[in-house]
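Letter by letter, the chains look like this.
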2 protein chains.
Amino acid sequence: MAPLAPVAEDRPVVLVDEQAHAWSPRTARSRFRQGLTGPTAGVAAGHTQANLIAVPADWAYDMLLFCTRNPQPCPVLDVTDAGSWTTALADGADLRTDLPRYRVWRDGELVEEPTDVRAHWRDDLVSFLIGCSFTFEWALSAAGVPIRHVEQGRNVPMFVTTRQCRPAGRLRGPMVVSMRPVPPAHLDAAIRETGLLPAVHGSPVHCGDPSALGIGDLGRPDFGDPVQAQPGDIPVFWACGVTPQAAVMASRPPFALTHAPGQMFLTDARDEQYRVV
Amino acid sequence: MAPLAPVAEDRPVVLVDEQAHAWSPRTARSRFRQGLTGPTAGVAAGHTQANLIAVPADWAYDMLLFCTRNPQPCPVLDVTDAGSWTTALADGADLRTDLPRYRVWRDGELVEEPTDVRAHWRDDLVSFLIGCSFTFEWALSAAGVPIRHVEQGRNVPMFVTTRQCRPAGRLRGPMVVSMRPVPPAHLDAAIRETGLLPAVHGSPVHCGDPSALGIGDLGRPDFGDPVQAQPGDIPVFWACGVTPQAAVMASRPPFALTHAPGQMFLTDARDEQYRVV
């Protein structure tokens, strides 16, 4: 499988606005609708961000089954009715305009990265909103776990692994993971805190040797930015909501729309709603 | 909506065999395949039991979406490919024969309760295995929470509520709950321990006043047996995997197969696998 095409996320991460962390989700969606773009880490802090993947209704069962069979990379937060661009997770939102940047896929190829997909919309599109690891970073921070990519003002590094997802109908593909270097003294807290958030990827899929996941070079992520580890840090890998995009590349449905990596949909839900206890 | 038809579960609960708690899941499935019937509470202790609902492929997307939109009553543990009677959760199992008793539904009406559904099987049937509250009872016991219906040798009482599930396509229906009386001193542990098991209904949907769920008389459950509370016990309600059967009754798909309430499918999975931390 060819490396996933990095486009928008290759540029330096710049917080869209110094005040963006204090925006309401509605304000964030409105700004993005007006054309603002950029990674959403830290925007509308405390509110849940989601990965988007929309496929034709003919592919919706396969996609929903793929998510059900692979709940760690693909935890489903909402599924729309065919053709609808609204979601129960965000009052007044328009999924066609309210993300900073989208990706348009034809036959598994990335063909465009627009900031608005009204021109690409179809009446048979079913949209899936998938949990995002940005949601568990507040829990890591609250537990005192340092988050290196945030300290360094970068997007989280993401890697395509050699671990295959469980197929579903015509959909198959590798698991994508995000990686955070964690000091050994904080490893237990990192595992436990994210485990309490199963709807946003849950506990790590692997800690330690990257080669166990077929990752050759931590300095060259397939998505996002490289991150500088501190001496002694252990690389910790969580399942990532970019996995459905890898399935699109591997399985080649005729059409799909997704978010651009790191440029997520802002819901009205609060992160703590997804904590099980 | 008419009361759900209680048939098999109205008879007294008798443990199928004094040794049944020590059976392996494979042995349990084999005994049920040979014709043994009865409630499965306590059988193959420590192994995960599951609710079954099988619908024609034409209804599978609606059912999977219904489960996704209502994860507390309908947590999906596995979905088969159309026509297949095997599951990744149980090596060598046959979903057509290995449950103690089934229910056959036509146009939303319960028409038969056989112990084998090979004669009813269809090549387009998609089977859903749904988490069961029997799985969290070990966690309650381990935390010292008394389980009244087990103490009294009865099936857990289940009630149809006035709380409606979020509809999905042609499927709609009320949430069904199971009820356990819990002493106030154990309430916190009961909520916390079950919260750690979101794949098997998670934390309670309600504690206290039954009328908040539209339940008039705790002594007259819609499924299962009445249970005797001790003075001071608080009724605690958990979402129940019989909910898809209520959706079948309300939505009337042309055909469905389910387990009989309390007579579950024994998987090879271990209960603790579903604990998030």
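Keep in mind that this is a model prediction, so the values were computed, not measured. (Residues numbered from 1 in each chain as written. Chains lettered and ligands numbered in written order. Predicted model: local features only at pLDDT ≥ 70, side-chain atom pairs only at ≥ 80, totals over all residues. Heavy atoms only, no water.)

Draft legend 1. Expanded view of the overall build of chain A. Scanning chain A for helices and strands turns up six helices and 11 strands. A compact globule built from 277 residues would reach a C-alpha radius of gyration of about 19 Å, and chain A, at 17 Å, matches this within 12%. Here the C-alpha coordinates of chain A stretch approximately 50 × 40 × 35 Å along the principal axes. Counting the 277 residues in chain A, one finds 60% classified as buried. In chain A, once contacts between residues fewer than 6 apart in sequence are set aside, the share between residues at least 24 apart is 78%. (Helix = DSSP H or I, 4+ residues; strand = E, 2+ residues; numbered from the N terminus. Rg over C-alpha atoms; globule rule 2.2 N^0.38 Å. Buried < 20%, exposed > 50% of the residue type's maximum accessible area, 1.4 Å probe, protein only. Contact = heavy atoms within 4.5 Å.)

Draft legend 2. Here's a closer look at the sheet that holds strand β7 (residues 174-182) of chain A. All names here are of chain A. Spatially, four strands are ordered β6-β7-β9-β8 in an open sheet, and the strand pairing comes out antiparallel. Edge strands, defined here as strands with exactly one partner in the open sheet, are β6 (158-164) and β8 (206-207). Here four bridges tie β6 to β7, and the two strands are oriented antiparallel to one another. Across the sheet, the residue bridging to F159 is V177, located in β7. (Pairing = 2+ DSSP bridges.)

Draft legend 3. The arrangement of the packing of helix α2 (residues 57-69) of chain A against helix α2 (residues 57-69) of chain B in detail. For the pair α2 of chain A and α2 of chain B, interaxial distance at closest approach is 10 Å and the crossing angle is 40°. Judged by the inter-axis angle, α2 of chain A sits oblique to α2 of chain B. Judged by the twist between their axes, the crossing of α2 of chain A over α2 of chain B is left-handed. Contacts between α2 of chain A and α2 of chain B pair A60, Y61, L64, L65 and T68 of chain A from the former with A60, Y61, L64, L65 and T68 of chain B from the latter. Within the contact of α2 of chain A with α2 of chain B, the residues separate by chemical class into eight nonpolar, two polar and no charged. (Axes fitted to C-alpha atoms, helices over the stretch in contact; angles between N-to-C directions. Parallel < 35°, antiparallel > 145°, perpendicular 65-115°, else oblique. Left-handed = near helix turned anticlockwise from the far one by under 90°. Nonpolar A, V, L, I, M, F, W, Y, C, P; charged D, E, K, R; others polar.)

Draft legend 4. Highlighting unusual backbone geometry. For H201 of chain A, which is not a glycine, the phi torsion comes out positive at approximately 85°. Considering the arrangement of structural elements, one finds H201 of chain A in the loop between α5 (187-195) and β8. For R252 of chain B, which is not a glycine, the phi torsion comes out positive at approximately 55°. Along the polypeptide, R252 of chain B turns up in the loop between α6 (243-251) and β10 (255-259).

Draft legend 5. How the structure looks around the side chain of R29 of chain B. Here R29 of chain B shows up in helix α1 (residues 25-33). Apart from residues no more than four positions distant in its own chain, R29 of chain B is found in contact with A90, D91, A93, D98, F265, L266, T267 and D268 of chain B.

Draft legend 6. Structural view of the relation of the copies chain B and chain A. Superposition of chain B onto chain A requires a rotation of 180° combined with a translation of 0.0 Å along the rotation axis, giving an RMSD of 0.0 Å. Each copy turns onto its partner about a two-fold axis. Considering only C-alpha atoms, the residue of chain B closest to the rotation axis is Y61 of chain B, which sits at 2.7 Å. Both copies present the same face, since 100% of the interface residues in chain B are matched by interface residues at the equivalent positions in chain A. (Least-squares fit on C-alpha atoms with pLDDT ≥ 70 in both.)

Draft legend 7. Representation of the environment of P39 of chain A within the structure. All names here are of chain A. Mapped onto the elements, P39 comes out in the loop between α1 (25-33) and β1 (47-56). Under the relative-accessibility criterion, P39 is labelled buried at 13%. Placed 73 residues apart in sequence, P39 and E112 show a C-alpha to C-alpha distance of 17 Å.

Draft legend 8. Spatial organisation of the interface of chain B and chain A. Listed per partner, the contact involves 20 residues of chain B and 20 residues of chain A. For the pair chain B and chain A, the summed buried surface comes to about 1700 Å²; carbon and sulfur atoms form 58% of the total. On the chain B side of the contact with chain A, Y61, L64 and V277 of chain B bury the most area, a combined 29% of that side's loss. Applying the counting criterion to the chain B and chain A interface returns four salt bridges. For D81 of chain A, the salt bridge is made with R69 of chain B, and the minimal N-O distance between the two is 3.2 Å. Counting the contacts that link chain B with chain A gives six residue pairs in polar contact (both at pLDDT 80 or more). Partitioning the side of chain B that touches chain A into residue classes produces 12 nonpolar, three polar and five charged. (Buried area = accessible area lost by both parts, 1.4 Å probe. Salt bridge = Lys/Arg side-chain N within 4 Å of Asp/Glu carboxyl O. Polar contact = N/O pair within 3.5 Å; in protein donor to acceptor, adjacent residues only side chain to side chain.)

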